[in-house]
Every structure is written in structure tokens, then in C-alpha cells.
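# A look at the structure
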Amino acid sequence: MKKHINIFLFLYSFGILFSSERIINYYIELELDYNGSLSIIENITVKAEGNKIQRGIMRDFPTKYQDTYGNNFIIDLKIIEVLKDGFQEPFFIKNKPNGKIIYIGNKDIFLKHKNYTYTLKYNITRQVGFFKDYDELYYNAIGNGWSFPIDKVKIKLSLPENASIIQYSAYTGLINATENNYNAIPLGSNVIQFENINPFSAYEGLTFAVSFPKGIIKEPTASELASYFLNDNAPILIFLIGYLILLFYYLYAWNKVGRDPKKGTIIPHFTPPHDFSPAAIRYILNMNFDKRCFTAAIVNMARKGYLNIIDDDDYKLSKINDNNSNLSKGEQVLAKKIFNKSDTITLDNKENIPIRKAMQGLKKALKNELSTHYFNANGKWIFPGILISATTLILMIVLMNSLTFAIIVSIFIIVITNMLFIYLMQAPTVHGRNTMDQIEGFKMYLSVAEAERLNLLNPPKRTPELFEKFLPYAIALKVENEWGDQFNSIFSKLEEENNSYQPHWYHGHFASGFIINDFTSSI
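Remember, predicted model here, so these are calculated numbers, not experimental data.

Another aspect to go through is the packing of helix H2 (residues 222-232) against helix H3 (residues 234-258). Each pair of packed helices can be summarised by the angle the axes make with each other and by the distance between the axes. In contact at an axis separation of 5 Å, H2 and H3 are set at 105 degrees when each is read in the N-to-C sense. Compared by their axis directions, H2 and H3 come out roughly perpendicular. Contacts between H2 and H3 involve Phe229, Leu230 and Asp232 from the first element and Ala234, Ile236, Leu237 and Leu240 from the second. Residues of the contact of H2 with H3, tallied by class, amount to 6 nonpolar, no polar and 1 charged.

Rendered as C-alpha cells:
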């Protein structure tokens, strides 16, 4: 009895094995045209058992690839005809991440359990690679989307008549596998056939590469390659359109409001224009705020007797006077912010929050006092550019499949272009340009070399008091070393007389003698 049961189970499993759904025969004919397109006929004979094959079959086509830089490369697939046992069969196509799926069959008709032969006729393009010494057709012939085994595969490739096969190879197995489950049979100088040796398991396929002499297939021109690239990579096309609009707008806006008034003749000035503070003249000249505005303001406040600068490894600021009436508006805001909690503050990372708040306060005060009267940032003209950029970037992100090198470069170009025009759109008013010319003249005086000083008409007498008075301005205009060099002989003479120069508002390492270049560099 037990023996009979074992025989029954063996026969049952044997029947299941050989009655399971599968592709019995997969025969493909490919013809390569001179224009590089492939005309393909597939005859697929399947055994339907009502499991996965109920109403028909699905043919998986990989049509989207990526190059070494991650850019899309999309081939064009055109279905000409779909048959079942020689008769027209309904089908529809759905997109998937790396290609398309063709669903073949009538949704209202379930297939009987028997063999069916499906015929697919279609054309595809852009499968030929063009190299220095040869051209090559590289093609995934049956795809890797079949979810059941394939008993027999036969693939016949015909090149154009005047072509000859130089070399060939093929790979079988799952995606990216390099197995050799095939035989290659040359059928002529331009015809070759690939056949499997053993049946393919589910999701296994066959990819072949066949090379032939150059000049047989028309190679795409540079303009055609560019067209392919833009069609395949919609985010880059969006970038080009958006960037052209952005660039056109910014050039129009810059020409409208961003051009600077003509620069005047620069002549030496011995005093700062309009009695501006050091921070103010730097803010006007650069049309922007930076840390040097802060440094110049601190030194000017010290010079006026409001605070002392203490150099004891770390710089410290110590308030010595509650009367701030002789400070500029910006310096008054700075004083209030710095000494909000204590009369002494250390300029180190632990105190970076109050220092940052103080700098923001100075920046805001300078902006309120000077911006629109002396120059315009033209922010309202920048906003449309930002809007164009944001729209372009959003559309690129929506359409992109992955963050490619080309997309990264595109985003970088948009960001840099906006930064450039935000800078270029700032423009001085006519009055501001005249003031800038006077500041440039004052800078000329502060930076003049000793030998050239004689050419100036009636310059002020050089004294330690004059040095201190204009030192903050020299720092603001970044000519503190040149300004200090003009007084080296005076300070040296004082030292020879045992009367070394030391500013009363500075306490530090220079107690034995004040070295201006070292001091201004460290400040």
C-alpha cells in the first residue's frame, strides 16, 4: 500500500512539473536598418494553466537606461502588431520606472488551458553604440520580466547586407548576470543566431553584443545627440528654458535699475565726507555690511573715550563712560547691545550671541540711516528672479528620477546667477555716487605713500592725535597699514625721546611701545 502511495505522489508531482505554465518556445527575428532602428518579430508560445496566464501575457520592455553620469537614455518603442495564434489581439501599454509593460489579452475572456502563440511586431531605436574603431549593437533580447521558465530561446539577428560581424558575445541569467547559457551560430557574414543550452528560470534573460565596421549605420550628429539628451532628460530642458527666462529678466532689470551712475574724478580729501562714522563710510562704499564695519566702530568708540580695548590673550571690551552722546547712531545701538548685561565683554566664542546681536543692531541702524538715500538694493526687482528660479527648480525636482550630475550643475548655476545679480542690482543713487567719490578721495589720502605725500596740497600736520582720529576710518577702508606707515618716523622719534606712543584706550602687549602694524593687523 505504501509503495502505491509513493508511486502516486511521484506521478502527481511529475504531472505538476510538466504541466506548469511556461514559455515553450521563444523565437525572435531582428533586422538592423541603416538608420540604426531595429525591426523585431517575436513569436512566443506559452502553456496556459490559468495561474499567471489567465487572460493573456505581459511583455516587459526595458526602455530607460542611465549613463555613467546618471542621465537618462530612453529608447523609442513602437508597437506595430500584436497577434494570438495569427489573429489580432487587444493590448495596452503601461509605463514603469525603467521602461514599459505591454498587457496582451482580452480582459473579458479567460484562456482555456492549452498552448498559445503570441506574435509581437515592433520597432525600437538607439540600440547601436558608436565607438572609435567599430560600432556595436547591444540588446537585451527577451527582457528579465518573465515570471515563469522558458524552455527554448532562439534569436536571429540580421545586419544590413554590406555589414560583416567583427565579434560577438552574450550574457544570460538574471539582471547584470554574466552566465554563458547559450550557443552562438553564425549563419552568414551578417547574420548570427543565439540559442539557449538549458532552459531559463523565471526572470532570466539573454543580452547580446554584436560589433561591425563603422560607417554602416548612420551616426547621430551633435545636434541630434543634444536633442536626444534634452528629450530624455526633461529636468535639463526645463532648466534651459527657465534659465534663459531668468537671464533675460535679470539683464533687463539690471539695465533698468542696476547700472551705476558714472564715477567722477577722484581727488584727495583730508576729512571723511559729511562727518560720517567709519562704519558708515564702509557701508556706503561697499553697499553692504561686514565684520570690518563692526571693528571700525569699536575702535572709533574707544578713540572717543567710551570704552577700552584690553588685549590679554583674549580681547576684552570694557565700558568706561556712560555718556554716549558723542557716538554716532549706529555706535549708540552697538554700545547698548554689547553692554546690555555687563560693562565688560570678552570677544570669544562664549560671547558670540551678544556680539552677533550687536552686529545685527549696527547693521540695521546703518541700513535705516543710509540705504535708500545713498544706494538701492532694488529688492523688488530681485523678487521676480527668485520666483522664476523657484518655479524652475520645483519643476526640475518634480520631473527628475534621480539627482544626476547635470541636475546638480544646473541647480548650482541658478543659485550662482541669483547671487551674482543680487550683487549687481545694488546701485548707488546720484548723490550716493558723489559721496562714494569723496570717500575714495579720503581713502587716497589715508593710503598715500610717504614719497607722494609732498604732492598733496596742504595736508594736515601728522600728529599722534591725527593718527588716532583717522585710524578707525583707515580700518574701515582697509588701509590701516598704509595709514600707520605714514607715522612710523614720528613714533620712532618719540621712542628715541623715551616718550613711546601708546593710545590711552588700548591696554595690552605693546606696553613698551606701540607697534602700529601689529596692532592694526590683530584688531
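Once the structure has been displayed, the description carries forward.
What follows concerns a nonpolar patch on the surface. A surface patch of nonpolar side chains, amounting to about 390 Å² of accessible area, comprises Phe412, Val415, Ile416 and Met419. Its location among the elements puts Phe412 in helix H9 (residues 405-424).

With that settled, consider the nonpolar core. Counting 59 residues, the largest nonpolar core has Leu307, Ile309, Leu334, Ile338, Leu446 and Trp483 as the members making the most contacts within it. When residues no more than four places from it in sequence are discounted, the contact partners of Trp483 are Tyr445, Leu446, Leu466, Phe467, Phe470, Leu471 and Ala474. Of all hydrophobic cores here, the second largest spans 49 residues; its members include Ile28, Ile150, Ala170 and Ile192.

Working definition: two side chains of opposite charge can pair if their charged atoms are close together. Taken as a whole and judged by the stated rule, the model has 17 salt bridges. The residue Glu89 makes a salt bridge to Lys84 at a minimum N-O spacing of 3.8 Å. Given the relative accessible area of 11%, Glu89 is considered buried. For Lys84, a relative accessible area of 17% gives the class buried. Overlapping salt bridges, with partners in common, bring together Asp135, Lys214 and Glu219 in one network.

This brings us to helix H6 (residues 329-338). Of all the residues in H6, the buried ones are Gly330, Glu331, Leu334, Ala335 and Ile338. Along the axis of H6, the buried residues cluster in a sector spanning 140 degrees; they form a single face. Opposite its buried face, H6 presents the exposed residues Lys329 and Lys336, each directed more than 90 degrees away. Where H6 is buried, its residues contact helix H4 (278-286), helix H5 (291-303), strand S19 (314-319), strand S20 (344-346) and helix H7 (352-374).

With mixed pairing, 4 strands are arranged side by side in an open sheet as S20-S19-S18-S23. The open sheet is flanked by S20 and strand S23 (506-507), the only strands paired with a single partner. Both S19 and S20 contribute to a ladder of 3 bridges, which runs antiparallel. The partner of Ser318 across the bridge, within S20, is Thr344. Against the sheet, H5 contacts strand S18 (307-312) and S19, and its axis sits at roughly 115 degrees relative to S18.

Definitions and cut-offs
- Residues numbered from 1 in each chain as written.
- Predicted model: local features only at pLDDT ≥ 70, side-chain atom pairs only at ≥ 80, totals over all residues.
- Heavy atoms only, no water.
- Axes fitted to C-alpha atoms, helices over the stretch in contact; angles between N-to-C directions.
- Helix = DSSP H or I, 4+ residues; strand = E, 2+ residues; numbered from the N terminus.
- Parallel < 35°, antiparallel > 145°, perpendicular 65-115°, else oblique.
- Contact = heavy atoms within 4.5 Å.
- Nonpolar A, V, L, I, M, F, W, Y, C, P; charged D, E, K, R; others polar.
- Patch = residues over 30% accessible without salt bridge, like charges linked within 9 Å, V, L, I, M, F, W, Y side chains within 5 Å.
- Areas by Shrake-Rupley, 256 points an atom, 1.4 Å probe, with all protein chains shown as cover.
- Salt bridge = Lys/Arg side-chain N within 4 Å of Asp/Glu carboxyl O.
- Core = buried A, V, L, I, M, F, W, Y, C linked by side-chain atoms within 4.5 Å.
- Buried < 20%, exposed > 50% of the residue type's maximum accessible area, 1.4 Å probe, protein only.
- Arc of directions from axis to C-beta.
- Pairing = 2+ DSSP bridges.

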